[in-house]
Amino acid sequence: MTSRTSITNLLVANRGEIARRVFRTCRELGVATTAVHSDPDAGAPHVREADAAVRLPGAAPADTYLRADLIVRAALAAGADAVHPGYGFLSESADFAQAVLDAGLVWVGPPPAAIAAMGSKTAAKRLMAEAGVPVLGALTEPTEADLPLLVKAAAGGGGRGMRVVRSLADLPGELAAARAEAAKAFGSDEVFCERYLPAGRHVEVQLLADAHGTVWAVGDRDCSLQRRHQKVIEEAPAPGLPAEVRAELHAAARDAARAIGYTGAGTAEFLLAEDGRFFFLEMNTRLQVEHPVTEAVTGLDLVALQLAVAEGAQLPAEPPAPRGHAIEARLYAEDPAKDWQPATGTLHRLELTLPYQEFTGTGLRLDSGVEAGSEITPHYDAMLAKVIAWAPTRAAAARRLADALARARIHGPATNRELLVRALRHPAFLAADLHTGFLAEHTAELTAPDTKGVERAALAAALADAAGRRGALPSGWRNLPSQPQLKRYRAEDGTESAVRYRHTRSGLLAEDHPEVELVEAAPDRVVLSEDGLRRTYRVARYGDRVHVDTPAGGTALTALPRFPDPTVRTDPGALLAPMPGTVVRVVAAVGDPVTAGQPLLVLEAMKMEHRVAAPADGTLVELRATPGRQVETGTLLAVVQPTEA
């Protein structure tokens, strides 16, 4: 019989949202908490919420959250008796799990041997095939008939070290790039190729196993909506699965767990083909980012169950059956319209304007590692928060989540909020026409600029600014005689709006929009009427950044000088850093002829690689980027001399 232990003080070897999530359960259970933090995270919410915190000197993950020795030492110094790894960083390191156990601490996770068995995707596939779990075999010598291909890192996940190859001529270069990224991210440059199924679905099964032989398949999730092979929208249960396919998926997941002597929480991930066949992809030997949707439909606290299993508890014979539907959207600091370019800066506000609560069976849930005033840096993942909605039906959950996101007030760096709202309301999504290429297929319509919305937001911003300078403007306010006022704004897509307006005896006269009537204006609130329809705009300004919110969504603007500075000029062939980051590779040399769109160098920011491409056909005449160099937004990286027409 397995002996029972009692966890009294838990160190979470992680940061941000997942650390706060684990601490929340610990508070409910009466377990003391210890945080670790890098120097940039010294004032982070997860540090303040813990009972104790230990500094990990440095900023880079390699010097802090990836230092197993420092974390074990921190646990012992703080008097912790257990370690929870969260997700990412060292959560799937068998060596770290063993180091925790060797220090006499409780490891809240699967046995090191189980982690090691799943640590290499290639080895895991061989093991799963032996256990009778369907796998998509690795291709050692791909041919034209195998295209398209997916190059994958054997030792990692999260979209890093992954490349889609549609031509064999591109394969050597993509293999080299994947190896370089994998080596940097996971310490191993092993990669492999497999068939890429662009219309496949990403379906996974939540597992929970104890040390007494009980293995739960705690429902399934669909995680097909992805960008750069990273999940964006997840839901439970996976919609539209025939009952027999669902049962086979659950059985295969349990077989996978039993094959490696698994205990604790984990996830078996599968690729579901259009014909209903499914193939094992990998097992994540940890808690998943998207675990809240499973909690929402089952009523379980998976973190509490992780702790119970680690203490030696036995699970009931079967998990609870799911009820209703839950959908999670990941809110990222990034701009989908600019090739998912990450964004940094101060997060001034993050609030849901609709009331929300921790999940109790209905409604909304917000899981976030940041708060108003947090600084979003390039050191870590771009995810700001997860918003989860539950409802009795899938359609109702999607509607509730889309509405909550649209009404949210999110002020600071650019986010993917508008894409999330549009995706949740897209007819194909609502029809459960899901596949891993969904976002790529619909990017144009999901990121199309809302020209009229931006124009009205700019007008509201200009009137709010005028109200702040003159005091509140009552309906019908006028100034005689009046000259048109001019204010200029730039939207996040780069388009500019020039707002010209004047106040007359009869009220507001918008020079370019005479159909718009001012009802009232204050520094933070403007009401406009158009064809008898009133709309309220809430306005907030932070320096030259202006955020305008309505119940239908928000618009971020940059206030521009009334007259452009004629001394400011950018060489049309200059390549400026679009974000702060680190140069990881340079793939061209001075003097090389280049074509528009050709990658010249690669930046790493927020755990993702971003290619910087030539702006036009021409010759690379200047190159200031070298591997390892850290750059800020706007740093000159290279200059291309365009080919004369």
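What counts, and at which threshold
- Residues numbered from 1 in each chain as written.
- Predicted model: local features only at pLDDT ≥ 70, side-chain atom pairs only at ≥ 80, totals over all residues.
- Heavy atoms only, no water.
- Helix = DSSP H or I, 4+ residues; strand = E, 2+ residues; numbered from the N terminus.
- Rg over C-alpha atoms; globule rule 2.2 N^0.38 Å.
- Buried < 20%, exposed > 50% of the residue type's maximum accessible area, 1.4 Å probe, protein only.
- Areas by Shrake-Rupley, 256 points an atom, 1.4 Å probe, with all protein chains shown as cover.
- Lys, Arg positive; Asp, Glu negative; His and termini not counted.
- Charge placed at Lys NZ, Arg CZ, Asp CG, Glu CD.
- 1 Å grid on protein atoms, 1.4 Å probe; cavity = no way out; pocket = protein on both sides within 12 Å on 5 of 7 lines; lining within 4 Å.
- Points joined across faces, edges and corners; volume = space filled by probe spheres on them.
- Nonpolar A, V, L, I, M, F, W, Y, C, P; charged D, E, K, R; others polar.
- Core = buried A, V, L, I, M, F, W, Y, C linked by side-chain atoms within 4.5 Å.
- Contact = heavy atoms within 4.5 Å.
- Arc of directions from axis to C-beta.

Student: Sorry, what's going on with the overall build of the protein here?
Tutor: A tally of helices and strands in the protein yields 15 helices and 38 strands. Computed over the C-alpha atoms, the radius of gyration of the protein is 26 Å, within 12% of the 26 Å expected from 2.2 N^0.38 for a compact globule of 645 residues. Looking at the protein residue by residue over its 645 residues, the buried ones come to 54%. Looking at the protein as shown, the accessible area adds up to about 26600 Å², and 50% of this sits on carbon and sulfur atoms. Computing the positive centroid from 68 side-chain charges and the negative centroid from 80, the protein places the two 6 Å apart.

Student: Would you mind going over empty space enclosed by the protein with me for this structure?
Tutor: Where empty space is left becomes clear once a probe the size of a water molecule has been rolled over the atoms. Applying the stated criterion to the full structure yields three cavities of 30 Å³ or more. A volume near 70 Å³ is recorded for the largest cavity. Forming the walls of the largest cavity are Arg-227, Arg-228, Gln-230, Glu-334, Trp-340, Pro-342, Asp-381, Ala-382, Ala-605, Met-606, Met-608 and His-610. Across the lining of the largest cavity, the residue classes break down as six nonpolar, two polar and four charged. Approximately 50 Å³ is the volume found for the second largest cavity. Every residue along the wall of the second largest cavity is listed here: Leu-331, Leu-350, Glu-351, Leu-352, Leu-366, Val-387, Leu-405, Ala-408 and Ile-410. Of the residues assigned to the lining of the second largest cavity, the class counts are eight nonpolar, no polar and one charged.

Student: Quick question: what am I supposed to make of the nonpolar core here?
Tutor: Within soluble globular proteins, side chains that are nonpolar generally end up buried alongside one another. Among the nonpolar cores identified, the biggest contains 73 residues, and Leu-10, Ile-233 and Phe-429 are the most heavily contacted of them. It is helix α11 (residues 394-407) that contributes the most residues to this core, eight residues altogether. Core analysis: the second largest hydrophobic core is formed by 27 residues, Met-118, Ala-124, Tyr-262 and Ala-268 among them.

Student: Hey, could you run me through the side chain of Thr-122 in this one?
Tutor: Summarising the element assignment, Thr-122 is placed in helix α6 (residues 121-130). The residues contacting Thr-122, other than those within four sequence positions of it, are Ala-154, Glu-190 and Phe-192.

Student: Would you mind showing me how to read helix α14 (residues 438-447) here?
Tutor: Structural remark: α-helix, 3.6 residues per turn; residues separated by three or four positions point the same way. For α14, every residue scored as buried is listed here: Phe-438, Leu-439, His-442 and Leu-446. Seen end-on, α14 carries its buried residues on one side only, within an arc spanning 95 degrees. Facing away from the buried side of α14 by more than 90 degrees, the exposed set consists of Ala-440, Glu-441 and Ala-444. If you follow the buried residues of α14, they end up packed against β10 (215-227), β11 (230-236), α12 (417-424) and α13 (427-430).

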